[in-house]
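# Structure at a glance
These are the residues of each chain, in order.
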Amino acid sequence: MKITLNRFMLFVTAVLLVGLTLQQCWQRKPEAEKWLYLFEEPARVYAGRVLGPDRGTGLLPPEALSDMEVHVYARKGYVEFASTMFSPAGEPSLRMAFAPDSSPPDPVDQPGFAWTSVHDGWYQLRPAP
């Protein structure tokens, strides 16, 4: 089967259209959903360890989470992750928390913000309604 210029151009066009469609779908997703897609597994495993068998041992976060601020609140039963990945200014605009038992308490240092459930055991810090 001989590849002609027309067939090649049709193939390239189809690949570009699929790529642009996937890129548009990704851009429309909320930041929390993107973060969970990329980091849910290592963050859930880490939080499970520091809230469970490795509680109080000072376990370091895995490499996948090394660019984030991670705070463990073992007494309150949750782990908070602050990410600058989706912030153009480089500020921790996205704060996620894993709390397996219940919602984390609202932060005292940020009045007007509350934890909102986004997924099973996952919460995002957003302005309170």
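Residues numbered from 1 in each chain as written. Predicted model: local features only at pLDDT ≥ 70, side-chain atom pairs only at ≥ 80, totals over all residues. Heavy atoms only, no water.

## Remarks on the overall build of the protein
Broken down by element type, the protein carries 2 helices and 5 strands. Listing each helix as α and each strand as β along the protein from the N terminus yields α-α-β-β-β-β-β. The C-alpha radius of gyration of the protein comes to 20 Å, more than 25% above the 14 Å expected for a compact globule of 129 residues. Once the C-alpha set of the protein is aligned to its principal axes, its extents read approximately 70 × 35 × 25 Å. Within the protein, the fraction of its 129 residues that count as buried is 29%. When contacts within the protein are restricted to residue pairs at least 6 apart in sequence, long-range pairs at least 24 apart make up 35% of them. (Helix = DSSP H or I, 4+ residues; strand = E, 2+ residues; numbered from the N terminus. Rg over C-alpha atoms; globule rule 2.2 N^0.38 Å. Buried < 20%, exposed > 50% of the residue type's maximum accessible area, 1.4 Å probe, protein only. Contact = heavy atoms within 4.5 Å.)

## Re the nonpolar core
Core analysis: the largest hydrophobic core is formed by 18 residues, its most contacted members being W35, L65, V79, F81 and W122. Residue assignment for this core shows that the elements contributing at least two residues are helix 2 (31-51), strand 2 (78-83) and strand 3 (94-98). Per-element tally for this core: the top contributor is helix 2, with 9 residues. What W35 contacts, discounting residues up to four positions off in sequence, is E40, A43, M68, F81, S83, F86, L94, M96 and W122. (Core = buried A, V, L, I, M, F, W, Y, C linked by side-chain atoms within 4.5 Å.)

## Observations concerning the pattern of salt bridges
Per the stated rule, a full pass over the model turns up 3 salt bridges. Put simply, E33 and K29 hold a salt bridge, and the shortest N to O gap is 3.4 Å. Overall, the relative accessible area of 40% leaves E33 in the partly exposed class. A salt bridge links R44 to E40; the shortest N-O distance between them is 3.1 Å. Of this pair, R44 and E40 both sit in helix 2, 4 residues apart, roughly one helical turn. (Salt bridge = Lys/Arg side-chain N within 4 Å of Asp/Glu carboxyl O.)

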